[in-house]
Amino acid sequence: MGFLAAILACCLGSAVYAAEQKNAAPQHDFVKVKGTQFQKSGKPYYIAGTNMWYAGYLGATAKPGNRTRLMKELDNLKALGVNNLRVLAVSEKSDINSVVKPATTNGFGHYDEELLKGLDYLLAELAKRDMTVVLYLNNYWQWSGGMSQYMSWVDGKPMQDPNVTKDWEGFMARSASFYQSAKAQEEFRKTVKKIITRVNTVNGKAYTDDATIMSWQLANEPRPGNNSTTDKEKKIYVDWINGITGYIKELDPHHLVSTGSEGVMGSVRDEKLFIDAHSGKNVDYLTYHMWIRNWGWIDKTNFAGTWDAGWAKGKDYLTSHIRIAKKIGKPIVLEEFGLDRDGGAYDIKSTTHVRDQFYQQVFDVLWTPMQKGEPIAGYNFWAWNGSARTTRANYWWQEGDDLMGDPPQEEQGMYGIYDSDASTVAIIKAFNTKIQSLNK
Ligand code: IFL
């Protein structure tokens, strides 16, 4: 204990001081941005990560919690060299089919404490394994309620399931109306505050002091609107990002803040908008996602015939965003990408030859700039299904089923990696070993 600390201990009372010391993470343990890279404990910190949106759910004591499974999954991921998870922090209750049930928030101000304790448990278990987590606080898509459920609570109109209506344009406009709703923003800020200022019931740490949290993320894939987004709506979106990131930094100045954006494709294909959305002083790094099949660049029923042209676009998307990050002078993380099993099958027994090739090619593209110290700071694949299994003949999730990386708005087994997908897992492990060699 230094001289100043000794005086403090004397003046504050040693018990209080000791408690504060226990809770306060030393500054250098937080993941920080240095130039266009991350650092942790004074060393480079490249992300070798996965998406596991449901990891907090598994931490709950009662169903859908499954702590035994959670620990097994974390051990498996650790053994694969995974050092970071991207996880949903909070969900909103909705009655439509494609939304996960139960939810953290059951109407404005009504939180499910058991699910929040699940998040506490997850953080405590990640800390034991020296892993970090990106926690997103909302969702542009419906599978966790998200922005459109906020709007339903605001105006009382029922949430529309775009899986049923097929009106994705209408759905996106509804989600984006969230940015303009004073009531939705007021309630969102309350929830953000509730989560960020929480004290972990498992290990006693204030979330604000917990270096296990790498970043607060505004939402999963926030977009400015649908394909008819106006300039005015683009400005509203950028203003929203600047406002809410500033609010988060006021609550918690130590943690990084990110948007969860898909990149230019999630910015109505407007590169300037993507740049504007990530140039604010409280956005610490850029995020992007690469969805080669969702965006129609390849056809899952004709991989052979569409691969070359589709992959050319994918590769360009990967590298062009690293250039954008360089221009802005911040790190960037490829925090989602994935591909179907062969032929677009969902069955766990189907092959994954093209997916394996795709993962390898993505990793090869990332590795060269990583080695050169360019702004690409890591990746999270989408997603970890681990030991989850579906018994549904139609592959659609129902309440009570195993939770897996494929969320309830999509067929179970579509993009997620099972622990039995040995060839894909081996490719991931090999790349993670290379990445970890940089973290020294
Ligand atoms: O499941 C989807 C998820 O909502 C997302 N991006 C794409 C995933 C696969 O379609 O964030």
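Remember, predicted model here, so these are calculated numbers, not experimental data. (Residues numbered from 1 in each chain as written. Predicted model: local features only at pLDDT ≥ 70, side-chain atom pairs only at ≥ 80, totals over all residues. Heavy atoms only, no water.)

## Here we look at the sheet that holds strand 3 (residues 43-44)
Applied cut-off: Strand pairing is assigned whenever DSSP identifies at least 2 bridges connecting the two strands. The secondary structure listing takes helices from DSSP runs of H or I that are at least 4 residues long and strands from runs of E that are at least 2 residues long, numbered from the N terminus.
Read from one edge of the open sheet, 3 strands run 1-2-3, paired in antiparallel fashion. In this open sheet, the two edge strands, each paired with only one partner strand, are strand 1 (32-34) and strand 3. With 2 bridges joining them, strand 2 (residues 37-40) and strand 3 adopt antiparallel strand pairing. By the bridge assignment, Gln-39 is partnered in strand 3 with Pro-44.

## Details of the confidence of the model for the protein chain
What counts, and what does not: Each residue gets a pLDDT score, which is the predictor's confidence in that residue and runs from 0 to 100. For this analysis, residues touch if any pair of their heavy atoms sits within 4.5 Å.
Per-chain confidence: the protein chain averages 94 in pLDDT, with 94% of residues scoring 70 or above. Across the protein chain, the element-wise mean pLDDT spans from 37 in helix 1 (residues 3-12) up to 99 in strand 5 (residues 84-88). Note on residues 1-22: pLDDT is under 50 here. Beyond four places in sequence and across chains, it has 10 contacts.

## Considering the pattern of salt bridges
Heads up, the condition is: The working definition used for a salt bridge is a side-chain nitrogen of Lys or Arg within 4 Å of a carboxyl oxygen of Asp or Glu. Relative accessibility under 20% of the residue-type maximum defines a buried residue, over 50% an exposed one, and the middle range a partly exposed one, all with a 1.4 Å probe and only protein chains included.
Considering all chains together, one arrives at 27 salt bridges under this definition. Residue Asp-95 pairs with Lys-93 through a salt bridge whose shortest N-O separation is 3.9 Å. With a relative accessible area of 67%, Asp-95 lands in the exposed category. With its nearest N and O atoms 2.9 Å apart, the salt bridge here joins Arg-341 to Asp-421.

## Side note on empty space enclosed by the protein
To keep things clear, this is the line we draw: A cavity here means a set of 1 Å grid points, computed over protein atoms only, where a 1.4 Å probe fits but cannot escape. A pocket is an open set with protein on both sides within 12 Å along at least 5 of 7 lines, and lining residues have an atom within 4 Å of a point. Grid points are joined across faces, edges and corners, and a volume is the space filled by probe spheres set on the points.
Applying the stated criterion to the full structure yields 1 cavity of 30 Å³ or more. Considering only enclosed or pocket space, the largest cavity measures out at about 70 Å³ in volume. Around the largest cavity, the lining residues are Gly-56, Tyr-57, Leu-88, Ala-89, Val-90, Ser-91, Thr-104, Leu-115, Leu-116 and Leu-119. For the lining of the largest cavity, the secondary-structure elements that each account for two or more residues are helix 3 (55-58) and helix 5 (113-128).

## Let's talk about the side chain of Glu-336
Condition: Polar contacts here mean pairs of N or O atoms no more than 3.5 Å apart (in protein, one a potential hydrogen donor and the other a potential acceptor; neighbouring residues in sequence count only if both atoms are side-chain atoms).
Along the chain, the position of Glu-336 falls in strand 10 (residues 332-337). The exposure class assigned to Glu-336 is buried, which follows from its relative accessible area of 3%. There is a polar contact of 2.9 Å between the side chain of Glu-336 and the side chain of Arg-86.

## Looking at the pairing of strand 6 (residues 132-136)
Keep this limit in mind: With strands facing away from the observer, any crossover in which the path from the first strand over the helix to the second runs clockwise is taken as right-handed.
Summarising burial for strand 6: 5 of the 5 residues are buried, a large majority. Here strand 6 shows a buried face lined by Thr-132, Val-134 and Tyr-136 and a second buried face lined by Val-133 and Leu-135. Bridge analysis of strand 5 against strand 6 gives 5 bridges, and the strand direction is parallel. Opposite Arg-86, over in strand 6, you have Val-134 as the bridge partner. Running through helix 5, the crossover from strand 5 to the neighbouring parallel element strand 6 is right-handed. Alignment of strand 6 against strand 7 (residues 213-217), held across 4 bridges, turns out to be parallel. Paired with Tyr-136 across the bridge in strand 7 is Gln-217.

## Examining the site of the ligand
Operational definition: Any residue with at least one heavy atom within 4 Å of a molecule or strand is counted as near it. Each molecule is assigned to a cavity or pocket provided more than half of its atoms lie within 2 Å of the corresponding grid points. Residues are grouped as follows: Ala, Val, Leu, Ile, Met, Phe, Trp, Tyr, Cys and Pro are nonpolar; Asp, Glu, Lys and Arg are charged; all remaining types, including Gly, are polar.
Every residue near the ligand is listed here: Trp-141, Trp-143, Asn-220, Glu-221, Trp-291, Asn-294, Glu-336, Trp-382, Pro-407, Glu-410 and Tyr-415. At 2.6 Å, a side-chain N or O of Glu-410 approaches an oxygen atom of the ligand. Here the ligand is seated within the largest pocket. Considered class by class, the residues forming the shell around the ligand number 6 nonpolar, 2 polar and 3 charged.

## Quick notes on helix 12 (residues 303-328)
Note the following rule: Expected helix span is computed as 1.5 Å times (number of residues minus one). Here the bend at a residue is taken as the angle between two axes, fitted respectively to the seven residues that end there and the seven that start there.
The end-to-end C-alpha separation of helix 12 is 35 Å, in line with the 38 Å expected for 26 residues at 1.5 Å each. Its maximal kink placed at Ala-309, helix 12 deviates by approximately 35°.

## With respect to helix 4 (residues 67-79)
Helical geometry: 3.6 residues make up each α-helical turn, so side chains three or four residues apart lie on a common side. For clarity, the cut-off: Our arc is simply the arc of the directions from the helix axis toward the C-beta atoms.
Between the first and last C-alpha of helix 4 there are 18 Å, a value that for 13 residues agrees with the 18 Å anticipated at 1.5 Å per step. The complete set of buried residues in helix 4 reads Arg-69, Leu-70, Glu-73, Leu-74 and Leu-77. The buried residues of helix 4 occupy an angular sector of 130° when projected down its axis, which confines them to one face. In helix 4, those exposed residues whose orientation departs by more than 90 degrees from the buried face are Thr-68 and Ala-79. For helix 4, the elements touching its buried residues are strand 4 (47-51), helix 3, strand 5, helix 5 and strand 12 (384-386). Looking one or two residues beyond helix 4, the residue adopting positive phi is Gly-81, at roughly 85°.

## Focus: the sheet that holds strand 8 (residues 256-258)
Quick note on the threshold: Between N-to-C directions, angles span 0 to 180 degrees; the directions come from axes that are lines fitted to C-alpha atoms, helices contributing only their stretch in contact.
Spatial strand order, 8-7-6-5-4-11-10-9: 8 strands in an open sheet with parallel pairing. Since the sheet does not close on itself, it has two edges, and those belong to strand 8 and strand 9 (286-290), each with one partner. Neighbouring strand axes in the sheet, compared pairwise and without regard to direction, differ in orientation by 25° on average. By the bridge criterion, 3 bridges tie strand 4 to strand 5 in an arrangement that is parallel. Looking at strand 5, one finds that Thr-50 is bridged to Leu-85. Relative to strand 5, helix 5 is tilted by about 175°, and along the sheet it contacts strand 5, strand 6 and strand 7. Strands strand 9, strand 10 and strand 11 (376-381) of the sheet are contacted by helix 13 (residues 353-371), whose axis makes an angle of about 165° with strand 11.

## Looking at the packing of aromatic side chains
Counted only if it meets this: A pair of Phe, Tyr and Trp rings is counted when the ring centres sit within 6.5 Å of each other, with Trp represented by its six-membered ring. The angle between the planes then sorts it: under 30 degrees is stacked, over 60 is edge-to-face, the rest tilted.
Applying the stated criterion to the full structure yields 40 aromatic pairs. Aromatic side chains Phe-178 and Tyr-179 sit 6.0 Å apart centroid to centroid with 70° between the ring planes, which places their arrangement in the edge-to-face category. Look at Phe-178 and you get buried, because its relative accessible area is 0%. Summarising the aromatic geometry, the rings of Trp-291 and Tyr-415 are spaced 4.6 Å apart at their centres and angled 45° between planes, so their arrangement reads as tilted.

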